[in-house]
Amino acid sequence: EDGAPEGSYIETIPRRGYRFIGEIQTPQVTAESNGSVDSIAVFPLFNAASDPDTDYLSTGIPGSVIQSLSRISGLRVIAWGMLADLKDVGFDPLAIGRKLRVKAVLTGRLCVRSTRLRLQIDLIDTTTGQELWGEQYDRELTELFKVQDEVSTEVSHKLRVKLSGEDQTQVT
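Here the structure is a predicted model, which means the values were calculated and not measured.

Undergrad: Looking at this structure, how should I read the overall build of the chain?
TA: Across its full length, the chain holds five helices and eight strands. Seen in sequence order, the chain has helices and strands lined up from the N terminus as β-β-β-β-α-β-α-α-β-β-β-α-α. Taken over 172 residues, the chain has a buried fraction of 40%. Counting contacts in the chain only where the partners sit at least 6 residues apart, residues at least 24 apart contribute 54% of the total. Accessible surface, the chain: about 10,400 Å² in total, of which carbon and sulfur atoms supply 49%.

And the structure:
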């Protein structure tokens, strides 16, 4: 080599010029790469049926998820009141999530037909817009509490939050 001291980043190439020889590192700061999500905003569900009789589910299910997740120490969950007013306004959950400085947002759709309930839930990284997790739940309306418990448990696992035994029972 050209006898440059250790720690040099430029190499001289005779009659050609210079070349950068340092190591290039590109940090990836996303919810997935650092192993955990320490903050989340849970949005009201979009009511695909636009049925006022089931509209309460579009806020009730996320409200239950928020209550369950807020019991986890070390996880910052945005209070329901900050998001409830946005339900009927055209909004971008990712932009709002970034403004609130949360690492992930939980969004979804709700559809009720007769006695059947379908939920589509998505956990999205606010930095990249990448879906970290998504799940569809098809249940009878009589199983509503079971669905709420499943969503809370799965979201907490996908957030990669280390749950103690006590925290685990508080989430489910």
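The discussion continues.
Undergrad: Got a minute to help me understand the nonpolar core in this structure?
TA: If you look at soluble globular proteins, the nonpolar side chains tend to sit buried side by side. Formed by 27 residues in total, the largest nonpolar core has its most connected members in Ile-40, Leu-69, Leu-106, Leu-110, Leu-119 and Ile-121. Secondary-structure elements contributing two or more residues to this core are strand S3 (39-42), helix H1 (55-69), strand S6 (104-113), strand S7 (116-125), strand S8 (131-140) and helix H4 (144-158). Broken down by element, this core gets its largest block of residues, five residues, from H1. Ranked by size, the runner-up nonpolar core spans nine residues in total, among them Phe-43, Ile-96, Val-102 and Val-105.

Undergrad: Just to check I follow, could you spell out the environment of Arg-19 for this structure?
TA: With respect to the secondary-structure elements, Arg-19 resides in strand S2 (residues 17-20). Its relative accessible area of 44% is what places Arg-19 among the partly exposed residues. Separated by ten residues in sequence, Arg-19 and Tyr-9 have C-alpha atoms that sit 8.3 Å apart. Not counting the four nearest positions on each side in its chain, Arg-19 is found in contact with Tyr-9, Ile-10, Glu-11 and Ile-13. Side-chain polar atoms of Arg-19 contact the side chain of Glu-11, separated by 2.6 Å.

Undergrad: In this structure, what is going on with the pairing of S2? I would like to understand it.
TA: The side chains of a regular strand alternate between the sheet's two faces. Pairing between strand S1 (residues 10-13) and S2: four bridges, direction antiparallel. Bridging across to S2, Ile-10 finds its partner in Phe-20.

Undergrad: What is the right way to read unusual backbone geometry from this model?
TA: When glycine is set aside, most residues are seen to have a negative phi, and most peptide bonds are trans. Look at Arg-15: it is not a glycine, yet its phi comes out positive at around 60°. Among the structural elements, Arg-15 can be located in the loop between S1 and S2. Look at Arg-15 and you get exposed, because its relative accessible area is 87%. The phi angle at Arg-101 is positive, at roughly 60°, despite the residue not being glycine.

Undergrad: Whenever I open this one, the confidence of the model for the chain confuses me. Can you help?
TA: Any segment with low pLDDT has predicted coordinates that should not be analysed in fine detail. Averaged over all residues, the pLDDT of the chain equals 75, while 72% of them reach at least 70. Model confidence for the chain, summarised as mean pLDDT per element, is weakest for helix H5 (residues 165-171) at 53 and strongest for strand S5 (residues 76-77) at 90. Here residues 26-33 is a poorly scored stretch, pLDDT under 50, and it has twelve contacts once near neighbours within four places are set aside; other chains count.

Undergrad: Looking at this structure, how should I read the environment of Glu-11?
TA: Of note, Glu-11 is situated in strand S1. Spatially, the C-alpha atoms of Glu-11 and Ile-21 are 6.4 Å apart, while their sequence positions differ by ten residues.

Criteria and thresholds
Residues numbered from 1 in each chain as written. Predicted model: local features only at pLDDT ≥ 70, side-chain atom pairs only at ≥ 80, totals over all residues. Heavy atoms only, no water. Helix = DSSP H or I, 4+ residues; strand = E, 2+ residues; numbered from the N terminus. Buried < 20%, exposed > 50% of the residue type's maximum accessible area, 1.4 Å probe, protein only. Contact = heavy atoms within 4.5 Å. Areas by Shrake-Rupley, 256 points an atom, 1.4 Å probe, with all protein chains shown as cover. Core = buried A, V, L, I, M, F, W, Y, C linked by side-chain atoms within 4.5 Å. Polar contact = N/O pair within 3.5 Å; in protein donor to acceptor, adjacent residues only side chain to side chain. Pairing = 2+ DSSP bridges. pLDDT = per-residue confidence, 0-100.

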